[in-house]
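In case you want the letters, here they are:
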Amino acid sequence: MKWITRQNANVDRIACPWLIKRFVDQDAEFLYVPANEVMAVAAREGATPYDVKNVELGHVDGRCSFESIMVKHGLTDPGLELLARIVHGADVAADIGIVPEAAGLKAIARGFALVHGDADHEKIRLETPMYDALYAWCRKQAERG
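All figures in this text were calculated on a predicted structure; none of them were measured in a lab.

Asks: So what exactly am I meant to see when it comes to the sheet that holds strand S1 (residues 2-6) here?
Replies: Each strand in a sheet pairs with another by means of backbone hydrogen bonds, the pair being arranged parallel or else antiparallel. Pairing is parallel in the open sheet, where three strands are placed in the order S2-S1-S3. If you trace the sheet from one side to the other, it starts and ends with strand S2 (29-33) and strand S3 (48-49), each paired once. For S1 and S2, the ladder comprises five bridges, and the chain directions are parallel. From the neighbouring strand, Arg6 faces S2, where its bridge partner is Val33. Seen against the sheet, helix H1 (residues 11-23) touches S1 and S2 and runs at an angle of roughly 165° to S2.

Asks: What exactly am I supposed to notice about H1 here?
Replies: Because each turn of an α-helix spans 3.6 residues, side chains separated by three or four positions in sequence point in the same direction. The end-to-end C-alpha distance of H1 is 18 Å, a good match for the 18 Å that 13 residues give at a rise of 1.5 Å each. Within H1, 10 of the 13 residues are buried, which leaves it mostly tucked inside the rest of the structure. All buried positions along H1 are accounted for by Val11, Asp12, Arg13, Ile14, Ala15, Cys16, Pro17, Trp18, Leu19 and Ile20.

Asks: I'm lost on helix H2 (residues 38-45) in this one. Help?
Replies: When we look at burial in H2, the residues that qualify are Val38, Val41 and Ala42. The buried side chains of H2 occupy one side of the element, clustering within an arc of 105° when seen end-on. Away from its buried face by more than 90 degrees, H2 exposes Ala40, Ala43 and Arg44. Buried positions along H2 lie against S1, S2 and S3.

Cut-offs applied
Residues numbered from 1 in each chain as written. Predicted model: local features only at pLDDT ≥ 70, side-chain atom pairs only at ≥ 80, totals over all residues. Heavy atoms only, no water. Pairing = 2+ DSSP bridges. Helix = DSSP H or I, 4+ residues; strand = E, 2+ residues; numbered from the N terminus. Contact = heavy atoms within 4.5 Å. Axes fitted to C-alpha atoms, helices over the stretch in contact; angles between N-to-C directions. Expected span 1.5 Å × (residues − 1). Buried < 20%, exposed > 50% of the residue type's maximum accessible area, 1.4 Å probe, protein only. Arc of directions from axis to C-beta.

Here is the structure:
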């Protein structure tokens, strides 16, 4: 399945591919295009848009796109729910204080964006191990209650 969003990805648009590959569609292909082309390319390619305005898998009802994907696909793992709060806080400026780890993720994700610019697939490749590690930590935290 193809998934599409805006190019020059940061926090949510890199965390979502991690989530999708790990829990929704291991063979997912991700397309990054200019914001004004997302919907046209989505229609042409049969791709599912995420983290763009007015789509189901975007910022809806106070959720970030990562959380919207979790809701759509019924993902309720407690470790994943903690990770979602971290991603939400890192992505939504007004909610940066939701959990302390959000500020750290925001700094790291912005750093990757500064270093790698619009090389979005490279950011996914490099940040995936970080999300794997953060998820492992979140699972351990959730076990402790």
